[in-house]
Amino acid sequence: RLEMRPWTGRTHQLRVHCAQVLGAPIVGDDIYGWKMASETVKREDEGMDHESSSNMAIDEDGPLCLHAHRLCIQHPISGASMIFEADPPF
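Here the structure is a predicted model, which is why all the values come from computation and not from measurement. (Residues numbered from 1 in each chain as written. Predicted model: local features only at pLDDT ≥ 70, side-chain atom pairs only at ≥ 80, totals over all residues. Heavy atoms only, no water.)

(A) Fine view of helix α1 (residues 13-22). Residues R15, C18 and A19 constitute the buried set of α1. Around the axis of α1, the buried residues are gathered within 85° of arc, so they sit on the same side. Among the exposed residues of α1, those oriented more than 90 degrees off its buried face are Q20 and V21. (Buried < 20%, exposed > 50% of the residue type's maximum accessible area, 1.4 Å probe, protein only. Helix = DSSP H or I, 4+ residues; strand = E, 2+ residues; numbered from the N terminus. Arc of directions from axis to C-beta.)

(B) Up close: the confidence of the model for the protein. With 69% of its residues at a pLDDT of 70 or more, the protein shows a mean pLDDT of 76. Here residues 48-57 scores under 50 on pLDDT; set against residues more than four positions off or in separate chains, the count is 5 contacts. (pLDDT = per-residue confidence, 0-100. Contact = heavy atoms within 4.5 Å.)

(C) Looking closely at the side chain of D29. Secondary-structure assignment places D29 in the loop between α1 and α2 (34-45). Of note is the side chain of D29, whose polar atom sits 3.0 Å from the backbone nitrogen of I31. Side-chain polar atoms of D29 contact the backbone nitrogen of Y32, separated by 3.0 Å. (Polar contact = N/O pair within 3.5 Å; in protein donor to acceptor, adjacent residues only side chain to side chain.)

(D) Spatial organisation of the layout of surface pockets. Space inside the largest pocket adds up to approximately 950 Å³. Lining the largest pocket we find 29 residues, and of these L2, M4, L66, H67 and A68 sit closest to its centre. Of all the elements in the fold, those that place two or more residues in the lining of the largest pocket are α1 and β1 (70-74). Top element by residues in the lining of the largest pocket is α1. It accounts for 4 residues. (1 Å grid on protein atoms, 1.4 Å probe; cavity = no way out; pocket = protein on both sides within 12 Å on 5 of 7 lines; lining within 4 Å. Points joined across faces, edges and corners; volume = space filled by probe spheres on them.)

(E) Local environment of the pattern of salt bridges. Taken as a whole and assessed by the stated rule, the structure comprises 3 salt bridges. Between R15 and D29 there is a salt bridge, and its shortest N-O distance comes to 2.7 Å. Taken together, the positions of R15 in helix α1 and D29 in the loop between α1 and α2 put the pair 14 residues apart, joining distant regions of the chain. For the residue pair R15 and D29, the accessibility class agrees, reading buried in each case. A salt bridge links E85 to R70, with the shortest nitrogen-to-oxygen separation between them at 2.4 Å. One end of the pair, E85, is in strand β2 (residues 81-85); the other, R70, is in strand β1, with 15 residues separating them in the sequence. Judged by its relative accessible area of 49%, E85 is partly exposed. (Salt bridge = Lys/Arg side-chain N within 4 Å of Asp/Glu carboxyl O.)

In C-alpha cells, the structure reads:
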C-alpha cells in the first residue's frame with residue numbers, strides 16, 4: 001500500500017503520477033495503468049523468452065485499487081466541516 005495526499009483538485013493527479021512519474025501504475029487503472037503497462041510488456045516481450053513474459057501479472061479486468069481513506073468537505077448549506085473515513089476494501 002502507498003499513502004498519497006493530493007495537493008490539487010485535478011481529477012487524475014494520483015493516477016497519472018503513479019503511472020508516468022513513478023512507473024508503478026495503480027492496480028486496475030485501465031486508463032493510465034493497464035494500457036501503459038500492456039504496451040510496455042508488448043515492447044519488452046520481444047527481448048524475453050515467452051515463459052517469463054507470460055508470468056508478468058497485469059490484471060486488466062480488476063477494480064481500480066484507489067481508495068480515499070478520509071474525505072473532508074464543507075457542507076454546502078450549513079458550512080459545517082464534515083469528515084468521512086473508511087478502511088480500504090482491498
